[in-house]
Amino acid sequence: QKTAYEIYQCDWSSDVCSSDLLPPLDLYGKCKLVALAEISEENAKLAMEKFPFEELVDDYRRLLDRDDIDAIALLTRVDTHMEIIPAALDAGKHVLTQKPFAMTVPDAEALVAAAKRSGKMLVCSFMHRYFPHSVAAKQILDADRKSVV
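The present account deals with the structure reproduced in this document. (Residues numbered from 1 in each chain as written. Predicted model: local features only at pLDDT ≥ 70, side-chain atom pairs only at ≥ 80, totals over all residues. Heavy atoms only, no water.)

**Topic: the overall build of the protein chain**
What counts here: Numbered from the N terminus, helices here are DSSP runs of H or I no shorter than four residues, and strands are runs of E no shorter than two. For the exposure calls, accessible area comes from a 1.4 Å probe over protein chains only, and a residue counts as buried if that area is under 20% of its type's maximum, exposed if over 50%, partly exposed in between. To measure how exposed things are, a 1.4 Å probe is used in the Shrake-Rupley method; for residues, cover is taken only from the protein chains shown.
The helix and strand inventory of the protein chain stands at 5 helices and 6 strands. Mapped from its N terminus to its C terminus, the protein chain presents α and β elements in the order β-α-β-α-β-β-α-β-α-β-α. In the protein chain, which comprises 149 residues, the proportion classed as buried is 40%. About 8800 Å² of surface is accessible on the protein chain, with carbon and sulfur atoms providing 55% of the total.

**Comments concerning the pattern of salt bridges**
Heads up, the rule is: Whenever a carboxyl oxygen of Asp or Glu lies within 4 Å of a side-chain nitrogen of Lys or Arg, that contact is scored as a salt bridge.
Tallying each qualifying case throughout the model produces 8 salt bridges. Residue Asp 142 pairs with Lys 138 through a salt bridge whose shortest N-O separation is 2.7 Å. Of the two residues, Asp 142 and Lys 138 are both situated in helix H5 (residues 132–148); the distance of 4 residues between them amounts to about one turn of the helix. A relative accessible area of 23% places Asp 142 in the partly exposed class. Here the residues in one salt-bridge network are Glu 55, Arg 66 and Asp 68, joined through shared partners.

**Considerations on the pairing of strand S4 (residues 71–74)**
As a reminder, the rule being used: Crossover handedness is defined by viewing with both strands directed away from the observer: a clockwise path from the first strand over the helix to the second marks the crossover as right-handed.
Side chains Ala 71 and Ala 73 project from S4 onto one buried face, and the interleaved Ile 72 and Leu 74 project onto a second face that is buried too. Regarding the hand of the β-α-β motif, the stretch spanning S4, helix H3 (residues 81–90) and strand S5 (residues 94–98) is right-handed.

**A few points about the nonpolar core**
It is characteristic of soluble globular proteins that their nonpolar side chains tend to be buried jointly. Defined as follows: Note on terminology: a nonpolar core comprises buried Ala, Val, Leu, Ile, Met, Phe, Trp, Tyr and Cys residues joined through side-chain atoms within 4.5 Å. The contact criterion used throughout is that any non-hydrogen atoms of two residues lie within 4.5 Å.
Ile 85, Leu 89, Val 95 and Leu 122 are the most contacted members of the largest nonpolar core, which has 21 residues in total. The element best represented in this core is H3, accounting for 4 residues. In this structure Val 95 touches Ile 72, Leu 74, Ile 85, Ala 88, Leu 89, Met 121, Leu 122 and Val 123, once residues within four positions along its chain are discounted. Judged by nonpolar contacts, the second largest core, of 5 residues, contains Leu 36, Ala 47, Phe 51 and Phe 53.

**Concerning the pairing of S5**
The criterion, for reference: Criterion used throughout: strands pair if DSSP finds at least two bridges between them.
Extensive coverage of S5 is indicated by the burial of 4 of its 5 residues. In the sheet, S4 pairs with S5 via 4 bridges, with the strands oriented parallel. Pairing of Ala 73 across the sheet is with Leu 96, part of S5. Two strands pair when backbone bridges link them, and S5 and strand S6 (residues 122–125) are joined in this way by 4 bridges, in the parallel orientation. In the strand pairing of S6, Thr 97 is matched with Cys 124. The handedness of the S5 to S6 crossover, carried by helix H4 (residues 105–118), is right-handed.

Structure, rendered in structure tokens:
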């Protein structure tokens, strides 16, 4: 069975969404990009050209009650996390978000508590470690350490 993803609000002109995050989800074989909630018409158009979303809405709340969506990828600014993450968890969705996870420690604790209460997974991606520029920087640092030692 495939995990159905809803994607909410992303900078589709950036590599993070268009090249680094969504293609692996789309190609993984166990995921299906089902719906996109996007408030920007321009971004929505870019996204729909690149990925096979079945539905486009301008408000994430319209998708939370759908039984065919198992998880959301929340690609919004951190100041939206305290509203959207608990709502998605309470609706029975797993949540993948990006760093920063929360604006304060109490906010982070509240999000973790919401995940525990819901029994759903809340994952904060640190995907930058796999970006080509990050891998190259690590290789340079590792090589430099070896020459110093």
